[in-house]
Amino acid sequence: MAFPREIARPTTLMELRPLLQRGALPLAGGALTFNRLQAQAELVADVSGIEALRRVIDHDSGLTLGGAVMLGALLEMPAVPTALRQTLTRVVSPHVLNHTSIAESLTGRSHPLMREWLTALAALDAGVEVYHAAHDARTWVSIDALLAGEADTGAIIGLFLPRLQAGQALAAAQVSRTPADVPIVNVAVLVTLEPDGRVQQASAALGGVSPALVLNVALHGLSGSPLSEAAISAAAEEAASAFAPPDDYLGSSAYRREMGRVLTARVLQDSQRPLAQG
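Report on the accompanying structure. Small disclaimer: the values here were computed from a predicted structure and weren't measured. (Residues numbered from 1 in each chain as written. Predicted model: local features only at pLDDT ≥ 70, side-chain atom pairs only at ≥ 80, totals over all residues. Heavy atoms only, no water.)

## Quick look at empty space enclosed by the protein
Move 1: In this structure the tally under the stated criterion is 1 cavity of 30 Å³ or more.
Move 2: In this structure, the largest cavity spans a volume of roughly 30 Å³.
Move 3: Lining the largest cavity are Gly62, Leu63, Ala79, Pro81, Leu161, Pro162 and Arg163.
Move 4: A class-by-class count of the residues in the lining of the largest cavity yields 5 nonpolar, 1 polar and 1 charged. (1 Å grid on protein atoms, 1.4 Å probe; cavity = no way out; pocket = protein on both sides within 12 Å on 5 of 7 lines; lining within 4 Å. Points joined across faces, edges and corners; volume = space filled by probe spheres on them. Nonpolar A, V, L, I, M, F, W, Y, C, P; charged D, E, K, R; others polar.)

See the structure below:
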């Protein structure tokens with residue numbers, strides 16, 4: 001097992017490239033990584049000095065954020081959906097938020113503190129920018145592809161957060177052992193309504209209900225229906241039928257399935273408030 005012996009501080013992607021080719025671990029912040037002693041590389045590249053990785057671009061379609069932007073900075077950005085910001089403040093300490101970068105949160109996605117954040121990103125259908133040093137190429141992949149391990153051949157350098165449009169709402173909820181604990185099961189939903197109030201599209205992202213970090217479930221049964229109590233109940237049952245949770249010391253399979261159903265119904269109900277407000 002390797003541990004850091006050398007730290008390099010590149011100021012451009014061109015300077016970062018040969019470091020990555022030498023097997024460097026790109027890092028900004030480090031609170032998440034060093035807290036778990038996961039920096040298993042002899043060479044660490046401190047990328048906080050790369051200006052392109054500190055960018056914040058607010059445009060009509062959403063926010064483009066550099067990978068070195070700290071999670072804590074997102075709390076001060078009105079364009080970040082409220083539900084997404086709330087996933088970062090329930091159990092993550094201010095120290096971790098202010099010393100963990102976006103890229104580190106995605107690279108260290110198995111960390112329990114990141115589960116609610118990642119689930120909300122999946123519901124929002126965020127995009128991730130990856131730099132491939134071998135080809136000197138930058139590509140965008142979906143958050144789903146990242147969570148499935150399809151982007152592990154490159155360094156994460158950016159995140160795109162789609163802007164919620166009129167008639168859209170993002171909502172999230174979780175259940176944990178105590179209010180200060182990481183979630184046992186958590187759910188986030190994105191709902192899009194037609195102008196007449198019927199559901200155009202709805203999907204749920206769930207954590208803690210499958211071996212995968214996040215499970216995405218399209219709630220097809222809601223399409224064309226209003227968000228009525230009966231429709232929400234049926235959609236929650238639809239979601240629960242899509243997974244077979246594992247057993248562990250925090251909860252049985254039956255408990256996790258039931259919590260997935262209950263939380264899906266809860267967040268669908270919660271999504272009605274921002275939709276009603278405009």
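Following the structure, the description resumes.
## A closer look at the layout of surface pockets
Move 1: Considered as a void within the structure, the largest pocket measures approximately 480 Å³ in volume.
Move 2: When contributions to the lining of the largest pocket are tallied by element, the ones reaching two or more residues are β2 (25-27), α2 (31-35), α6 (102-107) and β8 (155-162).
Move 3: Among the residues making up the lining of the largest pocket, the classes are represented as 14 nonpolar, 10 polar and 3 charged. (Helix = DSSP H or I, 4+ residues; strand = E, 2+ residues; numbered from the N terminus.)

## Describing unusual backbone geometry
Move 1: Although it is not a glycine, Asp125 adopts a positive phi angle of roughly 60 degrees.
Move 2: Along the chain, Asp125 falls in the loop between α7 (115-124) and β6 (127-132).
Move 3: Even without being glycine, Asp136 reaches a positive phi, approximately 50 degrees.
Move 4: Here Asp136 shows up in the loop between β6 and β7 (137-142).
Move 5: Residue class for Asp136 comes out partly exposed when judged on its relative accessible area of 37%. (Buried < 20%, exposed > 50% of the residue type's maximum accessible area, 1.4 Å probe, protein only.)

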